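Listed below are the residues making up each chain.
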Amino acid sequence: MSLQDQAKEILNDFDNVTSDKIIEILNQIQPHLKNEITQDYLKGKINGVLGMTDEAEKKKFCKTLRPYLDWYVQGNV
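Here goes a summary of the coordinates provided. (Residues numbered from 1 in each chain as written. Predicted model: local features only at pLDDT ≥ 70, side-chain atom pairs only at ≥ 80, totals over all residues. Heavy atoms only, no water.)

## Some details on helix α4 (residues 55-64)
If you check which residues of α4 are buried, you get Lys 58, Lys 59 and Cys 62. Looking down the long axis of α4, one finds its buried residues gathered within 100 degrees of arc, a one-sided arrangement. Turned more than 90 degrees from where α4 packs its buried face, Ala 56, Lys 60 and Thr 64 sit exposed. (Buried < 20%, exposed > 50% of the residue type's maximum accessible area, 1.4 Å probe, protein only. Helix = DSSP H or I, 4+ residues; strand = E, 2+ residues; numbered from the N terminus. Arc of directions from axis to C-beta.)

Here it is as structure tokens:
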């Protein structure tokens, strides 16, 4: 399954996907971002989520990163 298909699946069923799966896909999307500043910003956000222990907090924070999935699915790479 392509990375774009995986991102679509997450977007279609976001509430039932684990934060670890969301972070896994965001990590794969991160190198495809157009500029280094955006790549570094997303990497910092991902590292922030990885430092959390509470799944509910991780999931809440992942929702703020959802636009990166939307952007990738729309083919803006």
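Here the narrative resumes, following the displayed structure.
## Some thoughts on the side chain of Gln 39
Tracing the sequence through the fold places Gln 39 in helix α3 (residues 36-50). Within the structure, the side chain of Gln 39 is placed 2.8 Å from the backbone oxygen of Leu 33, a separation counted as a polar contact. Residues in contact with Gln 39, not counting those within four places in the same chain, are Gln 30, Pro 31 and Leu 33. (Polar contact = N/O pair within 3.5 Å; in protein donor to acceptor, adjacent residues only side chain to side chain. Contact = heavy atoms within 4.5 Å.)

## Here's the deal with helix α2 (residues 19-29)
Among the residues of α2, Ser 19, Ile 22, Ile 23, Ile 25, Leu 26 and Ile 29 are the ones counted as buried. End-on, the buried residues of α2 take up no more than an arc of 165 degrees, which puts them together on one face. Where α2 is buried, its residues contact α1 (3-12), α3, α4 and α5 (66-73).

## Some remarks on the packing of aromatic side chains
Scanning the model with the defined rule gives zero aromatic pairs in all. Cation over ring: Lys 59 sits above Phe 14, and NZ or CZ is 5.5 Å from the ring centre. Between the NZ or CZ atom of Arg 66 and the centre of the ring of Phe 14, over which it lies, the distance is 4.9 Å. (Phe/Tyr/Trp six-rings, centres within 6.5 Å; stacked < 30°, edge-to-face > 60°. Lys NZ or Arg CZ within 6 Å of the ring centre and 35° of its normal.)

## Structural notes on the environment of Gly 48
Examined against the element boundaries, Gly 48 turns out to sit in helix α3. Residue classification places Gly 48 among the partly exposed positions, given a relative accessible area of 33%. Separated by ten residues in the primary sequence, Gly 48 and Lys 58 have C-alpha atoms spaced 9.0 Å apart.

## Examining the nonpolar core
One recurring pattern in soluble globular proteins is that nonpolar side chains are buried together. One finds Ile 10, Ile 22, Ile 25, Leu 26, Ile 29 and Leu 69 to be the most contacted residues of the largest nonpolar core, which totals 20 residues. Those elements giving two or more residues to this core turn out to be α1, α2, α3 and α5. The biggest single contributor to this core is α2, with five residues. When near neighbours in sequence (up to four residues on either side) are disregarded, Ile 25 contacts Leu 3, Gln 6, Ala 7, Ile 10 and Leu 69. (Core = buried A, V, L, I, M, F, W, Y, C linked by side-chain atoms within 4.5 Å.)

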